[in-house]
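Understanding the architecture of this molecule
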Amino acid sequence: MSRKDTTEKINADHIKKSVADFYHDIATEKQKTQVDTNELNQSIGYSAEEIASAPEESNMGLGCGNPQEKAKPQLGETVVDLGCGKGFDAFIAAKAVGKEGYVVGVDMTLQMIQRAREIAQKRHFDQVDFRLGEIEHLPIADNTADLVISNCVINLSTAKQDVYDEIFRVLKPGGRIGISDITLYEDLPDSVYENPKMYGT
Ligand SMILES: C[S@@+](CC[C@H](N)C(=O)[O-])C[C@H]1O[C@@H](n2cnc3c(N)ncnc32)[C@H](O)[C@@H]1O
């Protein structure tokens, strides 16, 4: 079977379902990452201060870089975090923008959003708002964000152009983007390509 046929077989809906199932299991701790999350985050570009500024329970070790390393949030800014998970990057951004700023985290996994909201409430992060939604259809008004960040999420989308259209819709003129993600340099073996489960990892 050709790659084209395989893509049609494992269609966008199946991929989406498999990604949703994967992160449901992570959010509910049915499946856990087997890494030292602090060590991992330092190795992918977070400073010790940034790690310490976010509640430990929001740190799942699922990122693949630090989206705020170059596009640093500034005091008073509005930041949007695409695929926020339990809020690790959103909480770091919240410290940076301060009480005058605002951070919106968006994630399609209900259990991620519920947990992120609980953490925000318990740790008094009043300037953070976690919203259930898809990054292809952001629940955010036009021209509202100074900065859009995302950590290892856009690669999971089957409609990447829609995600970028949405980023440009919600950004104010002159707004910034900080994305850390993965790209393919070589073709994947068929065993990976044909396995819907691998689309979530
Ligand atoms: C690799 S995890 C990263 C979580 C977070 N950025 C972090 O670093 O801790 C991917 C997250 O993106 C969410 N996600 C995946 N596809 C999404 C989509 N199309 N729309 C919204 N959220 C999505 C998942 O629910 C999951 O929480």
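Above this text sits the structure in question.
Residues numbered from 1 in each chain as written. Predicted model: local features only at pLDDT ≥ 70, side-chain atom pairs only at ≥ 80, totals over all residues.

Quick look at the overall build of the chain now. Each helix and strand counted, the chain has 8 helices and 5 strands in total. When the helices and strands of the chain are read in sequence order from the N terminus, they spell out α-α-α-α-β-α-β-α-β-β-α-β-α. Taken over the C-alpha trace, the chain has a radius of gyration of 17 Å; the compact-globule value for 201 residues is 17 Å, and the two agree within 12%. With 201 residues in all, the chain has 37% of them scored as buried. (Helix = DSSP H or I, 4+ residues; strand = E, 2+ residues; numbered from the N terminus. Rg over C-alpha atoms; globule rule 2.2 N^0.38 Å. Buried ≥ 20, exposed ≤ 12 C-beta atoms within 10 Å, placed from the backbone.)

For the rest of this paragraph, the subject is the packing of helix H2 (residues 12-27) against helix H6 (residues 110-122). If you want to describe how two helices pack, look at the angle between their axes and the distance between the axes. H6 packs onto H2 with a crossing angle of 35° between their chain directions and a minimal axis gap of 8 Å. Between H2 and H6, the residues in contact are Tyr-23, His-24 and Ala-27 and Gln-111, Met-112 and Arg-115, respectively. Residue composition of the contact of H2 with H6, by class: 3 nonpolar, 2 polar and 1 charged. (Axes fitted to C-alpha atoms, helices over the stretch in contact; angles between N-to-C directions. Contact = placed C-beta atoms within 7 Å. Nonpolar A, V, L, I, M, F, W, Y, C, P; charged D, E, K, R; others polar.)

Our focus in this paragraph is the site of the ligand. Near the ligand lie 22 residues; those nearest to it are Tyr-23, Gly-83, Gly-85, Met-108 and Thr-109. Elements supplying a minimum of two residues to the shell around the ligand: H2 and helix H5 (88-97). Taken together, the residues of the shell around the ligand sort by class into 12 nonpolar, 6 polar and 4 charged. (Near = placed C-beta within 6 Å.)

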